[in-house]
There are 2 protein chains.
Amino acid sequence: MAEPKKESLQRLCDLHRDAAGLINLNPIQRGGILTEAAKKTLLEWGDGYSVCDYCEGCLGDIKKPPIDVFTHEILPEFLEIDAVRVTNGARESKYTVMHALCEKGDTILLDGNRHYSTYVAAERAGLKVEEVPSNGPPDYRIDVEKYAAEIERTKPKLVLLTYPDGSYGNMPDAAGLGKICRDYDVPLMLNCAYSIGRMPVSAKKLGADFLIASGHKSMAASGPVGLLGATEEYAGIVFRKSEKYKKKEVELLGCTARGLPLITLMASFPSVAERVKHWDKEVENARRFVRELEKVEGIKQVGERPRNHDMIPLETEAFHRISEKHKKGRFFLYHELKNRGIVGLKPGITKNFKVSTYNLTDEELEKVINAFTEIAAISL
Amino acid sequence: MAEPKKESLQRLCDLHRDAAGLINLNPIQRGGILTEAAKKTLLEWGDGYSVCDYCEGCLGDIKKPPIDVFTHEILPEFLEIDAVRVTNGARESKYTVMHALCEKGDTILLDGNRHYSTYVAAERAGLKVEEVPSNGPPDYRIDVEKYAAEIERTKPKLVLLTYPDGSYGNMPDAAGLGKICRDYDVPLMLNCAYSIGRMPVSAKKLGADFLIASGHKSMAASGPVGLLGATEEYAGIVFRKSEKYKKKEVELLGCTARGLPLITLMASFPSVAERVKHWDKEVENARRFVRELEKVEGIKQVGERPRNHDMIPLETEAFHRISEKHKKGRFFLYHELKNRGIVGLKPGITKNFKVSTYNLTDEELEKVINAFTEIAAISL
């Protein structure tokens, strides 16, 4: 061991989050904001392996705190799927399914709007990736009817749909794809990192064999934590036990999220189960945001219309024009927003970006709409 | 989505940790207790993906907070190894190396004292496991000289040594094995989940190709979080980039610990870098604990002698004898300790158990020794 440099260590002292207390519009941030109930757990459960005081060999079976009830009763009911496990995140859940179900060299079929981590998970598992492309600009819709021909052509071991995707926030017809996959007898995995915890999702209603969720993205939990739900047909495969250690599930390496990510997920859950019932209000907020911003010439929502999700991808020629004359150049938008207490856009971006209005109060939504329209009215 | 039962949801409200504020002797808990500096970060960095506000595509390269300095400068210096990545835990680090280096069906060679998760990681990767057994009771020593013949016999793709193991806290001759592995040109992975963060560890001095660390076990971090260190020779393999996404490391699925586990690891690190310098005092405390407890007839330390680690496995016939007459039966020890403000033993255990004296203050150590000797003196 060598001694780390003092001036480097100094940089780890007194770490502060720049964005703390501001309105954060980054879609990856809005659904992960802790509830008051979750915040209250932080100090008491902060230490290392805090949830493992009464473990008898399996994380999901711990009774104190009631991880067993959460894992084996609450979550399966909530998602209407036979078995659920808490994982280290949505990407880890996806990899687990791919690795458990497929052999190296097998083909899986994805939607063209899939998250990069879906592709990387397939790469890690050594799989061949085929994709059903979107219909391109400006909607980037995934037409699930196209899967049938692609399933026939590529004979995939697994089909994945991103519901919604993280680029356009489009909500494809998951239930329609569920029927197609059943017809072809190929398992369907829905990546619900941006839906479970925001809106009601039922594996039964959608005909999904696997559901993927993200605690830090959409369930008001500290990262990294996710869920993996599976139907009975596949649960025995993805959650198979070790031959030597009968309580340990091989694909989960025995256990996964063991600490604050799990406790905050559990503590927030009662609020999360409640908030999904008010999804229509969130969709209405997103639509209102789009209506107001599109009153500005040179601002245009892309992705399907009207919005069916809080994620809003925008083309913003209006801001780009200002940046060409503004003394802060392409950083002006970031600074103008920050001066108004709003963050979440990448510094330097003006031509297009995505925001989320999820869980904004009415006052906050008003403030955000006003900020963008005011900034668009800057004349130089 | 179905509505979860109200009475089940109620169980998630007001979650409290039974062990909060007590002295916890469980070896998996003592090294993960948060520092004051880490506790201060909890509220500000609690939300979901808090560390990702300024991400440009790679967790380890984030400048605000200074994850880049921590990952690419501080940790490699601290461990004297070329490249380090933060992972979701020690088991995930081990699986990553096995999966990246080996093909299904390959053989790896482990020590007989390895953690169950090492075995399960190998099982997940589809590997054949060979083991160098310990010399059995009462020492359970791993004689690294035995590896040479086993390497010749089994031709492993990878050799692993647990340094120390989690059952006996034995410190095998890692540097000796480093030389043997170099002679046979086979990579050596040291599982340092119970050493890195407690004592000085240098890959260079030990001749290790891979170092595995656990943030929640030994680096005063909220779980789950770990480290994976690799020499230059192997870093390009285990940290290889996606063919399509040039910033994303395939085996890490793009990124790993994204939230409180990472921030608490960073915030605690200056204290951790300091505390490893006082390892001799920790070893002395463990030896003192053993000396005092062995004054009781029917209490005997197992594992190598004298202790070279804070983990202390005990055979405690003395407590078992009391349990046979005590009105609480085999639960008496748990209750007697708890009445004295001490937890960390499994309820119902009396014949043998392991404890750790790590990071106990002098007063706490005194209190723990007195508790055990008092309880052993109960006459019925």
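Residues numbered from 1 in each chain as written. Chains lettered and ligands numbered in written order. Predicted model: local features only at pLDDT ≥ 70, side-chain atom pairs only at ≥ 80, totals over all residues. Heavy atoms only, no water.

Digging into the overall build of chain A
- A count of helices and strands for chain A gives 16 helices and 12 strands.
- For chain A, whose C-alpha radius of gyration is 22 Å, the value lies close to the compact-globule estimate of 21 Å for 380 residues.
- The principal-axis extents of the C-alpha atoms in chain A amount to approximately 70 × 55 × 45 Å.
- Burial statistics for chain A: of 380 residues in total, 66% are counted as buried.
- Considering only intrachain contacts with a sequence separation of at least 6, the fraction spanning at least 24 residues in chain A is 65%.
- For chain A, the accessible area works out to roughly 14100 Å², and carbon and sulfur atoms hold 49% of it.
- Looking at charge distribution, chain A has the averaged site of its 55 positive side-chain charges lying 4 Å from that of its 55 negative ones. (Helix = DSSP H or I, 4+ residues; strand = E, 2+ residues; numbered from the N terminus. Rg over C-alpha atoms; globule rule 2.2 N^0.38 Å. Buried < 20%, exposed > 50% of the residue type's maximum accessible area, 1.4 Å probe, protein only. Contact = heavy atoms within 4.5 Å. Areas by Shrake-Rupley, 256 points an atom, 1.4 Å probe, with all protein chains shown as cover. Lys, Arg positive; Asp, Glu negative; His and termini not counted. Charge placed at Lys NZ, Arg CZ, Asp CG, Glu CD.)

Some words on the interface of chain B and chain A
- Taken residue by residue, the interface counts 104 residues in chain B and 104 residues in chain A.
- Together chain B and chain A conceal approximately 9200 Å² of surface at their shared face, both sides included; 57% is due to carbon and sulfur atoms.
- Summed over the shared surface of chain B and chain A, the number is 18 salt bridges.
- At the boundary of chain B with chain A, the tally comes to 61 residue pairs in polar contact (both at pLDDT 80 or more).
- Here the element with the most residues in the side of chain B that touches chain A is helix 12 (residues 260-275) of chain B; it accounts for eight residues.
- Of the residues in the side of chain B that touches chain A, the class split is 50 nonpolar, 21 polar and 33 charged. (Buried area = accessible area lost by both parts, 1.4 Å probe. Salt bridge = Lys/Arg side-chain N within 4 Å of Asp/Glu carboxyl O. Polar contact = N/O pair within 3.5 Å; in protein donor to acceptor, adjacent residues only side chain to side chain. Nonpolar A, V, L, I, M, F, W, Y, C, P; charged D, E, K, R; others polar.)

A look at helix 7 (residues 146-154) of chain A
Residue and element names in this part refer to chain A.
- Residues Y147, A148, E150, I151 and T154 constitute the buried set of helix 7.
- Where helix 7 is buried, its residues meet strand 3 (107-111), strand 4 (128-132), strand 5 (158-162) and helix 8 (174-184).
- Remark: K155 follows helix 7 within two positions and exhibits a positive phi of approximately 45°.

Quick notes on the relation of the copies chain B and chain A
- Under the fitted operation, chain B is carried onto chain A by 0.0 Å of movement along the axis and a turn of 180°, and the coordinates agree to an RMSD of 0.0 Å. On this basis, the relationship between the two copies can be described by a two-fold rotation axis. Among all residues of chain B, the one whose C-alpha sits closest to the rotation axis is L42 of chain B, at a distance of 3.2 Å.
- Looking at chain B, 100% of its interface residues are interface residues in chain A too, so the copies touch through the same face. (Least-squares fit on C-alpha atoms with pLDDT ≥ 70 in both.)

A word on the environment of R321 of chain B
Residue and element names in this part refer to chain B.
- Turning to its location among the elements, R321 is positioned in helix 14 (residues 317-323).
- Residue classification places R321 among the partly exposed positions, given a relative accessible area of 38%.
- R321 sits 181 residues away from Y140 along the chain, and the two C-alpha atoms are 25 Å apart.
- If near-sequence neighbours (up to four positions away) are discounted, R321 is found in contact with E297 and G298.

Observations concerning the sheet that holds strand 4 of chain A
Residue and element names in this part refer to chain A.
- Spatially, 2-8-7-6-5-3-4 is the arrangement adopted by the seven strands of the open sheet, whose pairing is mixed. What marks the edges here is a single partner per strand, and that holds for strand 2 (83-87) and strand 4. Between one strand axis and the next, the sheet turns through 20° on average, direction left out of account.
- Alignment of strand 5 against strand 6 (residues 188-191), held across four bridges, turns out to be parallel. Opposite V159, over in strand 6, you have L188 as the bridge partner.
- Along the sheet, helix 6 (residues 116-124) makes contact with strand 3, strand 4, strand 5 and strand 6, crossing strand 4 at roughly 150°. (Pairing = 2+ DSSP bridges. Axes fitted to C-alpha atoms, helices over the stretch in contact; angles between N-to-C directions.)

So, the confidence of the model for chain A
- Here chain A shows a mean pLDDT of 97. Residues at 70 or above account for 100%.
- Both confidence scores are given for the complex: pTM 0.97, ipTM 0.97. (pLDDT = per-residue confidence, 0-100.)

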